[in-house]
Amino acid sequence: MKYDSIIIGGGLSGLTAGIRLVSAGKKVAIITSGQSALHFSSGSMSLLNRIDGRQVCDPLQAIATLPPSHPYQKIGVGNIHDFAAEATMILRRAGLDVEGSPEAHRYCLTPFGVWQPAWLTVKDIASCSHPSRCTWRKAAIVNFKGYLDFHPGYLADGLATAGIASESYEIELPQLAALRKSCSGMRAASMARILEGKAVSDLAQAIRKIKSDADVLLLPAVVGLRSDAPANLLASLVDITVRYVPVIPMSVTGVRAEFLMRRRFESLGGAYFLGDSVNKGNFENNRLISVNTVNLGETPLRADEFLIATGSFFSQGLVAKPDAVIEPVFGLDVVQSEKRTSRCDIDFFAPQPYMRFGVVTDSRFRVSRNGSVVTNLRAVGSILSGADSLNEGSGAGIALLTAVAAARQILQ
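Okay, so let's go over this structure.

Parameters at a glance
- Residues numbered from 1 in each chain as written.
- Predicted model: local features only at pLDDT ≥ 70, side-chain atom pairs only at ≥ 80, totals over all residues.
- Heavy atoms only, no water.
- Helix = DSSP H or I, 4+ residues; strand = E, 2+ residues; numbered from the N terminus.
- Rg over C-alpha atoms; globule rule 2.2 N^0.38 Å.
- Buried < 20%, exposed > 50% of the residue type's maximum accessible area, 1.4 Å probe, protein only.
- Contact = heavy atoms within 4.5 Å.
- Areas by Shrake-Rupley, 256 points an atom, 1.4 Å probe, with all protein chains shown as cover.
- Lys, Arg positive; Asp, Glu negative; His and termini not counted.
- Charge placed at Lys NZ, Arg CZ, Asp CG, Glu CD.
- Polar contact = N/O pair within 3.5 Å; in protein donor to acceptor, adjacent residues only side chain to side chain.
- Arc of directions from axis to C-beta.
- Salt bridge = Lys/Arg side-chain N within 4 Å of Asp/Glu carboxyl O.
- Disulfide = S-S within 2.5 Å.
- Axes fitted to C-alpha atoms, helices over the stretch in contact; angles between N-to-C directions.
- Parallel < 35°, antiparallel > 145°, perpendicular 65-115°, else oblique.
- Left-handed = near helix turned anticlockwise from the far one by under 90°.
- Nonpolar A, V, L, I, M, F, W, Y, C, P; charged D, E, K, R; others polar.
- Pairing = 2+ DSSP bridges.
- Right-handed = clockwise from strand over helix to strand, strands pointing away.

When you go through the protein residue by residue, the secondary structure sums to 11 helices and 24 strands. For 412 residues, the compact-globule estimate of 2.2 N^0.38 gives 22 Å, and the protein sits close to it at 22 Å. Projecting the C-alpha coordinates of the protein onto the three principal axes gives extents of approximately 70 × 45 × 40 Å. For the protein, with 412 residues in total, the buried portion stands at 53%. Contacts spanning at least 24 positions in sequence make up 67% of the contacts within the protein whose residues lie at least 6 apart. With an accessible surface of roughly 17,900 Å², the protein has 51% of that area assigned to carbon and sulfur atoms. Taken as two groups, the 42 positive and 36 negative side-chain charges of the protein have centres that lie 4 Å from each other.

Spelled out as structure tokens, the structure:
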């Protein structure tokens with residue numbers, strides 16, 4: 001089988017690049033082993049929150065101070081704004097109702113009541129331009145009986161830091177009774193599968209019975225697994241603004257994002273190989289000619305251009321061995337420390353050196369293998385070296401913007 005482009009990895013980077021390429025009329029395939037890190041996404045996406053532990057106020061201005069090895073610098077500081085706008089449009093056209101701007105943060109309320117800066121947020125997530133400017137006067141925090149992954153006390157404390165009063169309530173829905181019989185039944189995704197149609201109407205009725213003068217109602221993000229239709233239905237049935245607070249994964253908002261982006265990719269004509277993985281690459285003269293997968297065996301998949309978006313250690317895009325950190329699919333060159341003892345800092349809370357490990361790429365994100373550039377294989381997302389996305393709060397931004405950058409380069 002022959003494609004214009006093949007993408008290895010179906011997370012945020014892979015899907016973004018795939019949608020961009022197939023929208024331009026290219027024949028594209030995505031090969032993905034299954035569940036991606038999107039399933040753990042809170043519904044907010046950060047561009048750049050911190051540098052060396054210091055809070056960033058203007059992300060675009062701060063990006064200009066990053067070292068040359070950082071993925072944002074390889075994109076080009078002057079391109080960040082345009083690429084951010086394009087990435088936002090890709091998400092919106094996929095059905096994700098996101099809001100935000102790269103010029104200034106929005107602030108999202110986390111499950112533990114902390115106001116976390118972000119670039120983009122799904123519209124119904126609890127967020128505001130800044131906690132000190134939040135228009136909420138009083139919040140009603142509503143949990144479901146038996147649901148333990150939602151913590152109204154933490155949220156109340158976080159709201160109080162912004163001068164917002166709150167009160168807590170508990171709702172018991174008969175549709176969720178079966179889940180409460182098991183200690184592991186009351187989980188976000190399981191609840192979201194039930195909270196549709198009649199169950200949403202019953203939830204609205206229970207909310208209307210709450211006697212409160214609050215101007216916003218905060219619910220755990222367990223509504224709307226495959227689309228925002230259930231959340232929109234609930235909003236239409238109650239006379240109070242409803243906002244959702246992310247909960248401990250699996251994330252309903254993250255699962256929704258992956259589903260909508262995959263549906264957009266396939267609706268445009270993309271081929272999506274789910275539950276498969278690449279186990280061999282066939283190279284000729286520093287070009288990747290084809291790949292073999294576990295499911296297709298000896299039948300190769302050929303393409304003119306390839307993207308690898310398999311992620312970092314979390315998704316095994318990088319694997320730590322006793323003597324080295326490796327990229328396991330193609331054996332690509334990896335930026336890493338020479339000594340194993342210098343991979344990490346003994347201080348658990350200090351920045352960890354291994355977080356900056358990743359594949360070697362040139363200025364156009366083309367990877368290196370055995371010291372030579374592979375001219376038609378690019379890397380995008382968290383497999384790239386040079387960024388500590390956990391400490392920087394830059395993971396989603398790098399995923400989206402490098403995907404857009406690589407797709408543009410392929411199209412050129």
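Moving on from the coordinates now.
With respect to the helices, strands and loops of the structure, Ser 368 is situated in strand S23 (residues 366-369). On the basis of relative accessibility, which here comes to 9%, the residue Ser 368 falls in the buried class. Side-chain polar atoms of Ser 368 contact the side chain of Asp 333, separated by 2.6 Å. With near-sequence residues (within four places) excluded, Ser 368 lies in contact with Leu 332, Asp 333, Val 360 and Val 373.

With that out of the way, let us pick up helix H5 (residues 152-161). Those residues of H5 not exposed but buried are Pro 152, Leu 155, Ala 156, Gly 158 and Leu 159. For H5, the angular spread of buried residues about the axis comes to 165°, placing them on one side. Turned more than 90 degrees away from the buried face of H5, the exposed residues are Asp 157, Ala 160 and Thr 161. The inward-facing, buried residues of H5 abut strand S7 (106-109), strand S8 (115-118), strand S11 (138-144), strand S12 (165-171), strand S13 (216-220) and strand S14 (241-245). Of the residues one or two after H5, Gly 163 is the one with positive phi, at around 75°.

In this structure the tally under the stated criterion is 14 salt bridges. Here Asp 304 ties to Lys 2 by a salt bridge, and the two come within 3.1 Å at their closest N and O atoms. Of this pair, Asp 304 sits in strand S18 (residues 301-308) while Lys 2 is found in strand S1 (residues 2-8), placing the two residues 302 residues apart along the sequence. Take Asp 304: its relative accessible area is 37%, and that puts it in the partly exposed class. Arg 20 serves as the salt-bridge partner of Glu 86, at 2.2 Å between the closest nitrogen and oxygen. Here the residue Glu 86 occupies a position in helix H4 (residues 80-94), and Arg 20 occupies one in helix H1 (residues 12-23), the gap between them amounting to 66 residues. On the accessibility criterion, Glu 86 (15% relative accessible area) is buried. What emerges from the salt-bridge pattern is a single network uniting Arg 20, Glu 86 and Arg 408.

Under the definition given, this model contains 0 disulfides. With no disulfide of its own, Cys 128 lies 3.8 Å from the sulfur of Cys 134, the closest cysteine sulfur. Relative accessible area serves as the criterion here: at 7%, Cys 128 is assigned to the buried category.

This part covers the packing of H1 against helix H9 (residues 252-267). Where H1 contacts H9, the axes come no closer than 9 Å and their chain directions differ by 25°. On the basis of their axis angle, the class for H1 and H9 is roughly parallel. Judged by the twist between their axes, the crossing of H1 over H9 is left-handed. Along its contact with H1, which presents Leu 12, Leu 15, Thr 16, Gly 18, Ile 19 and Val 22, the element H9 presents Glu 258, Met 261, Arg 262, Arg 264 and Phe 265. Of the residues contributing to the contact of H1 with H9, the split by class is 6 nonpolar, 2 polar and 3 charged.

This brings us to the pairing of S14. Note: S13 against S14, 5 bridges, orientation parallel. Paired with Leu 219 across the two strands is Tyr 244, which belongs to S14. As a crossover connection, the stretch from S13 through helix H8 (residues 229-237) into S14 is right-handed.

What follows concerns the sheet that holds strand S3 (residues 44-45). A sheet is described by the order of its strands in space; here 3 strands give the open sequence S3-S9-S6, paired in antiparallel fashion. Lying at the two open borders of the sheet, with one neighbouring strand each, are S3 and strand S6 (98-99). Pairing of S6 with strand S9 (residues 120-122) involves 2 bridges; the strand directions are antiparallel. Paired with Glu 99 across the strands is Thr 121, a residue of S9.

The next thing to look at is the sheet that holds S11. Sheet architecture is open: 4 strands sit in the order S12-S11-S13-S14, paired in parallel fashion. A single partner strand is all that each edge strand has here, and the edge strands are S12 and S14. Strand-to-strand twist in this sheet, taken as the mean axis angle between neighbours without regard to direction, amounts to 30°. Here H5 sits on the sheet in contact with S11, S12, S13 and S14, set at roughly 165° to S11.

Geometry only, nothing functional implied.
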